[in-house]
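The residues making up each chain are set out below.
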Amino acid sequence: MTATKTGAAGNGGVPPVRKVRQGRRKPEFTARRGFLIAVFMAPAAIFVAVFTYYPMIAGSQMAFRHWNLSDLTDTSWVGLQNFHDVFADPAWGTVLGNTGIWVVGSIVPQLVIGFALALWLRRKFPFRGLYQALVFFPWAISGFLIGILFRWMFNSEFGVVNDLLQKAGLINEPVAWLADPDTAMFAVLVANVWYGVTFFTIMILAALQSIPEELYEASALDGAGKVRTLFQITIPYIRVTLALTVLLRIIWIFNFPDLIFGMTGGGPNNETHIVTTWMIKITQQGDYGRASALGLIIVASLLLFAVFFLLATREKREVRS
């Protein structure tokens, strides 16, 4: 006790200054550390190689061979013949047009409705957590199950859709929604919009919660209205999230045959077939060569679209900045 006081007094009452410890040096990369990293990564790499890359390579080479389950004795090399057969098929034009309608007719309503719901859920009001759970619930259900559910809802004899429309006086007799080529695509679009709104709501709501409140307060002091605030603050602040969300959702919708198979199976008369459901149909027919060729066309198209989309959005961001 005496020594402590004496030391403090000898320093003028100022406690001794402790030496600041220097930060630890980053360990050097050695052959032993590299070997350990490789050992720990090997199981995952082997799993991905066996169950992802090998099937991709094996399926890709089928696209250039005569590969049909009806005659497995002949798997000769046919070059681009399978690709020619895909483009020459009479159903190709219908399927391609349906795919465009499926993607555009789904993505636009999903984006608009999802954005509106996200703006609404960002506000504070009683039972907001309950409403968020109800909005997010559809995303936890299988797409094929959603298709079966809506198939019953659009049933021409005892579906709830016809029942509600008749009670509202909008139709006089039941409509065969899924059996009529003029209404089948509309029905599957309604189901997909209901199912996909949740994704946009989740992503946009997360982005909206990152916007500082000071920006809205400054906008209110400047006298900006809701529309001006939306287009000058909200959308520019989350435009990167919006672009990536739209890109992911377009790719997802393009490769989403579950709902269509659950509702119509691609019918009637190929009027609801998109490229992915058509590829599955060709596979079920045993023509693996043509199905693989169509799969490569799908992958190449999505890669090109993703590259051009990212380049276009990057150029717009650079111009704005």
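Coordinates for the structure precede this section.
Reading the values: the criteria
Residues numbered from 1 in each chain as written. Predicted model: local features only at pLDDT ≥ 70, side-chain atom pairs only at ≥ 80, totals over all residues. Heavy atoms only, no water. Helix = DSSP H or I, 4+ residues; strand = E, 2+ residues; numbered from the N terminus. Buried < 20%, exposed > 50% of the residue type's maximum accessible area, 1.4 Å probe, protein only. Contact = heavy atoms within 4.5 Å. Areas by Shrake-Rupley, 256 points an atom, 1.4 Å probe, with all protein chains shown as cover. Phe/Tyr/Trp six-rings, centres within 6.5 Å; stacked < 30°, edge-to-face > 60°. Lys NZ or Arg CZ within 6 Å of the ring centre and 35° of its normal. Salt bridge = Lys/Arg side-chain N within 4 Å of Asp/Glu carboxyl O. Patch = residues over 30% accessible without salt bridge, like charges linked within 9 Å, V, L, I, M, F, W, Y side chains within 5 Å. 1 Å grid on protein atoms, 1.4 Å probe; cavity = no way out; pocket = protein on both sides within 12 Å on 5 of 7 lines; lining within 4 Å. Points joined across faces, edges and corners; volume = space filled by probe spheres on them.

> What is the right way to look at the overall build of the protein in this model?
Looking only at helices and strands, the protein features 14 helices and zero strands. For the protein, the proportion of its 321 residues judged to be buried stands at 33%. Summarising the internal contacts of the protein: among those between residues at least 6 apart in sequence, 67% fall at separations of at least 24. Summed over all atoms, the accessible surface of the protein reaches about 20,600 Å², with 66% contributed by carbon and sulfur.

> When you look at the packing of aromatic side chains in this model, what are you seeing that I'm missing?
Overall, the coordinates contain 17 aromatic pairs when judged by the stated rule. Ring centres of Phe150 and Phe154 lie 6.3 Å apart, and the angle between their planes is 25°; on these two criteria the pair is classed as stacked. Through a chain of ring-to-ring contacts, the aromatic side chains of Trp139, Tyr195, Phe199, Phe200, Trp252 and Phe256 assemble into a single cluster. For the cation-ring pair, Arg249 lies above Trp252, with the distance from its terminal atom to the ring centre recorded as 5.8 Å.

> Is there a simple way to explain the pattern of salt bridges in this structure?
As a working rule, side chains carrying opposite charge can pair if their charged atoms are close by. Taken as a whole and judged by the stated rule, the model has four salt bridges. Two residues, Lys167 and Asp163, come together in a salt bridge whose shortest N-O distance is 3.3 Å. One end of the pair is Lys167 and the other is Asp163, both in helix α7 (residues 160-167) and four residues apart, which spans about a single turn. Here Asp163 falls in the partly exposed class, since its relative accessible area comes to 33%. In this structure, Asp287 engages Arg290 in a salt bridge whose closest nitrogen and oxygen atoms are separated by 3.2 Å. Here Asp287 falls in the buried class, since its relative accessible area comes to 18%.

> Any chance you could explain a nonpolar patch on the surface here in plain terms?
A surface patch of nonpolar side chains, amounting to about 850 Å² of accessible area, comprises Ile46, Phe47, Val48, Val50, Phe51, Tyr53, Met56 and Ile57. If you trace the backbone, Phe47 turns up in helix α2 (residues 31-62).

> It is not clear to me how the environment of Gly262 should be interpreted in this structure. Could you clarify?
Among the structural elements, Gly262 can be located in helix α12 (residues 258-263). On the accessibility criterion, Gly262 (0% relative accessible area) is buried. Separated by 114 residues in sequence, Gly262 and Ile148 have C-alpha atoms that sit 4.9 Å apart. In contact with Gly262, not counting residues within four places along its chain, are Phe144, Gly147, Ile148 and Arg151.

> Whenever I open this one, the layout of surface pockets confuses me. Can you help?
Rolled over the atoms, a probe with the dimensions of a water molecule shows which regions are left empty. Its boundaries defined by the atoms lining it, the largest pocket holds a volume of some 570 Å³. Contributing to the lining of the largest pocket are 18 residues, with Leu119, Arg122, Arg123, Tyr216 and Thr234 lying nearest its centre.

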